[in-house]
Amino acid sequence: MNKKTVLILACPVMLLLMSLKTAFIPLQGKKPLTDSLKRPAKFGFGRPATAQEIAAWDIDVRPDGKGLPAGQGDVKKGKLLYAQKCAMCHGVDGTEKPGVKLPGNALVGDTSATSKPKTIGNYWPYATTLFDYMRRAMPYNLPGSLSNDEVYSITAYLLNANKIIKADVVLDAKNLYKVVMPAKKLFIMDDRKGGPEIK
Amino acid sequence: MEKRGNKDQKKATGKISRRTLLGGVLAAAVLPVQSLFADEVQPETPVLPEIADDPTKIVGPGPGPLGKRSPFEQPVRKPSDISSRTPLQDLHSTITPADLHFERHHAGVPTIDPAKHELLIHGLVDNPMKFTLADIKRFPAVTRTCFIECAGNFRTGKAEMTPQDILGLTSQSEWTGVMLSTLFNEVGISDKAKWFLAEGSDAAIMTRTIPIAKAWDDAMIVYAQNGEAIRPEQGYPIRLLLPGFEGNMNIKWLRRIELSEEPYMTREETSKYTYPVKDKIRMFSFELDARSIITYPSYPQKVNKGWVEIRGIAWSGRGKVEKVEVSTDAGKTWQLANLQEPVLSKAHTYFRYLWDWKGEATEILSRVTDETGYLQPTLAQLAEARGVNLGGYHMNPITAWQIKNDGTVLFKPETIK
């Protein structure tokens, strides 16, 4: 039994104190909803998940590179893949064209924060997000159909098109997360905590 | 590593015909592109039954398996390209009928077999586990009423706008499910875990990172909405419920939770749901700021001289509504409105204010104060605090209705630039 289990069993007030201690967001000093007065240490419902089951779903990639799969990709291959699988919705070169409405967002722009539209070059703080998102959700009409090598290549192509990496870079699990995105320096965490201030 | 796509997807072709674009996958998924092609969806015209002059002289139809609305009442959601909005002006209290709850999804509504659906909890836990829907229902249950609101809720721009057009991306239900802390206790959470990732099983495999304090506070995994199984658009068979937090974080069709020492920085918490504050971009705004709106009288209604009960809703993602004030003189003076009890935390709260309208042209407004002492700001105050390049997220300005001499009611669209 770990520490939290004991606390939950002990009493809601202690649970509250604990959550205040670890709180990222301010709690309003209210008791959490309790679902029963008395409960066992464990209910014993559910079953252990197997390593294979976890691997099948665990596709997320973190900014520190954790979760990046084996494989690699380059700008040249990415350009070809983009033309085949993405251009019909995001435009021939991914940029916004005046008067042209496309199903997908513009993906390529310059790296100046004040420029519009919001693109990978001026609004994405982490390159890992790009990999993670495209692998899970794109192409929109065939989500989850790209191989890891293909995602690496398209990531390389889009980063190069946004002038973030050079054309000869080969991306893999060792270097993708080290790419510094131009927008990174703009992002700040919300630090509001309630109260009268308008912020 | 294996490709993630299933066999069918691998077999399918990625070629997009014009027909597909216009009427197939994309139309079903209601994409942004639809504004190019789709006609505005019109409410169905009511089919009225034959009406007797005197209903006491005719025996009506007998009992049926499923109730229906009166054919005289036709409240409908208003679908756009990517969402569908609650008709706030048609509701008389704070519970949103489940079929009128707003919708927002990024790759359509998946059809999920509840018998096959499982929730995986893993990462920084003692025992990674899978729970079936039946397992989840066996745990002690809790019922809670609260709102869910999209962080992008607020439209302005023209006078001919209804409450549904302006703020229809908020709805309230009575949700039932298990406290997330109960499940976390079952798997055992490592002290190192500070965040958790929640993931849906829709075609977007939607993900958001949530601070772990929310799990120990009031997060739930819910399977029922207003007493019955939750609707497919709301995440059937299970969704995450994070009272007061951005709608997008309340992951629908929930299939996986991973505990972690740091945030994942998913697309929805970086490229989306972030907004300019002066020369920076603010991220991780979880709680929705307090706001209110008058839903009666509102466009396109008309008022008559004499007593008018001004009605509306107010809410805060940070707790209870402390008070609502109404102004009937364009914001010069403010009067306290009555709050409908019970006032619940992180919940739509109905307010009413009785006004004797003498027939003069004026503006009516409402503003809320929540229990943290936060007073709903004006658009100008928001612009002063954040700069004039206000983004589309977390915008909660006071809104006004113009009352014309003839009783016509129009929205008052405001601009700052």
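About the thresholds
- Residues numbered from 1 in each chain as written.
- Chains lettered and ligands numbered in written order.
- Predicted model: local features only at pLDDT ≥ 70, side-chain atom pairs only at ≥ 80, totals over all residues.
- Heavy atoms only, no water.
- Axes fitted to C-alpha atoms, helices over the stretch in contact; angles between N-to-C directions.
- Helix = DSSP H or I, 4+ residues; strand = E, 2+ residues; numbered from the N terminus.
- Parallel < 35°, antiparallel > 145°, perpendicular 65-115°, else oblique.
- Left-handed = near helix turned anticlockwise from the far one by under 90°.
- Contact = heavy atoms within 4.5 Å.
- Nonpolar A, V, L, I, M, F, W, Y, C, P; charged D, E, K, R; others polar.
- pLDDT = per-residue confidence, 0-100.
- UniProt positions renumbered as here; feature names shortened; annotations may be inferred.
- Expected span 1.5 Å × (residues − 1).
- Buried < 20%, exposed > 50% of the residue type's maximum accessible area, 1.4 Å probe, protein only.
- 1 Å grid on protein atoms, 1.4 Å probe; cavity = no way out; pocket = protein on both sides within 12 Å on 5 of 7 lines; lining within 4 Å.
- Points joined across faces, edges and corners; volume = space filled by probe spheres on them.
- Salt bridge = Lys/Arg side-chain N within 4 Å of Asp/Glu carboxyl O.

### A look at the packing of helix α7 (residues 127-137) of chain A against helix α8 (residues 148-161) of chain A
Packed helices, taken two at a time, are described by the angle between their axes plus the distance between the axes.
Residue and element names in this part refer to chain A.
Then, in step 1: Between α7 and α8, the least distance of the axes is 10 Å, while the angle of their chain directions is 130 degrees. Classified by the angle between their axes, α7 and α8 sit oblique to one another. The two elements α7 and α8 meet at a crossing, and its hand is right-handed. Residue-level contacts link A127, L130, F131, M134 and R135 of α7 to N148, V151, Y152, I154, T155, L158 and L159 of α8.
Then, in step 2: Tallied by class, residues from the contact of α7 with α8 come to nine nonpolar, two polar and one charged.

### Overview of the confidence of the model for chain B
All names here are of chain B.
Then, in step 1: Residue-level pLDDT values for chain B average 90, and 88% of them are 70 or greater.
Then, in step 2: Within the model, the stretch residues 1-42 combines pLDDT values under 50 with 60 contacts to residues more than four positions away or in other chains.
Then, in step 3: Model confidence for the complex: the whole-complex pTM is 0.88, and ipTM, which rates the interface, is 0.86.

### Digging into the UniProt feature "domain: Moybdenum cofactor oxidoreductase dimerisation" (unreviewed entry) in chain B
Then, in step 1: The feature "domain: Moybdenum cofactor oxidoreductase dimerisation" (unreviewed entry), as given by UniProt, occupies residues 286-398 of chain B in the numbering adopted here.
Then, in step 2: Within residues 286-398 of chain B, the helical portion is 7% and the strand portion 40%, while the C-alpha atoms at the span's ends are 20 Å from each other.

### Comments concerning α8 of chain A
All names here are of chain A.
Then, in step 1: With 14 residues, α8 extends 20 Å between its outermost C-alpha atoms, agreeing within 8% with the 20 Å of an ideal straight helix rising 1.5 Å per residue.
Then, in step 2: Judged by how many residues are buried, α8 sits mostly within the fold: 11 of 14 residues are covered.
Then, in step 3: Inspection of α8 places N148, E150, V151, Y152, S153, I154, T155, A156, Y157, L158 and L159 among the buried residues, and these make up the whole buried set.
Then, in step 4: Looking at the buried positions of α8, the neighbouring elements they touch are β2 (72-74), α4 (75-85), α6 (120-123), α7 and β3 (170-172).

### What to know about empty space enclosed by the protein
Residues and elements named next belong to chain B.
Then, in step 1: Within the structure shown, the criterion is met by eight cavities of 30 Å³ or more.
Then, in step 2: Each pocket or cavity is described by its volume, and for the largest cavity that value is around 220 Å³.
Then, in step 3: Around the largest cavity, the lining comprises 19 residues; the ones closest to its centre are R104, R239, G247, N248 and K252.
Then, in step 4: Its residues assigned to classes, the lining of the largest cavity comprises seven nonpolar, seven polar and five charged.

### Observations concerning the pattern of salt bridges
Opposite charge on two side chains allows them to pair when their charged atoms are near.
Then, in step 1: As enumerated under the stated definition, the model contains 42 salt bridges over all chains in all.
Then, in step 2: Of the charged contacts, one joins K130 of chain B and E53 of chain A as a salt bridge, the two residues approaching to 3.7 Å between their closest N and O atoms. Of this pair, K130 of chain B sits in strand β5 (residues 129-132) while E53 of chain A sits in helix α3 (residues 51-57), on two different chains.
Then, in step 3: K130 of chain B gets classed as buried once you look at its relative accessible area, which sits at 6%.
Then, in step 4: In this structure, E309 of chain B engages R311 of chain B in a salt bridge whose closest nitrogen and oxygen atoms are separated by 2.8 Å.

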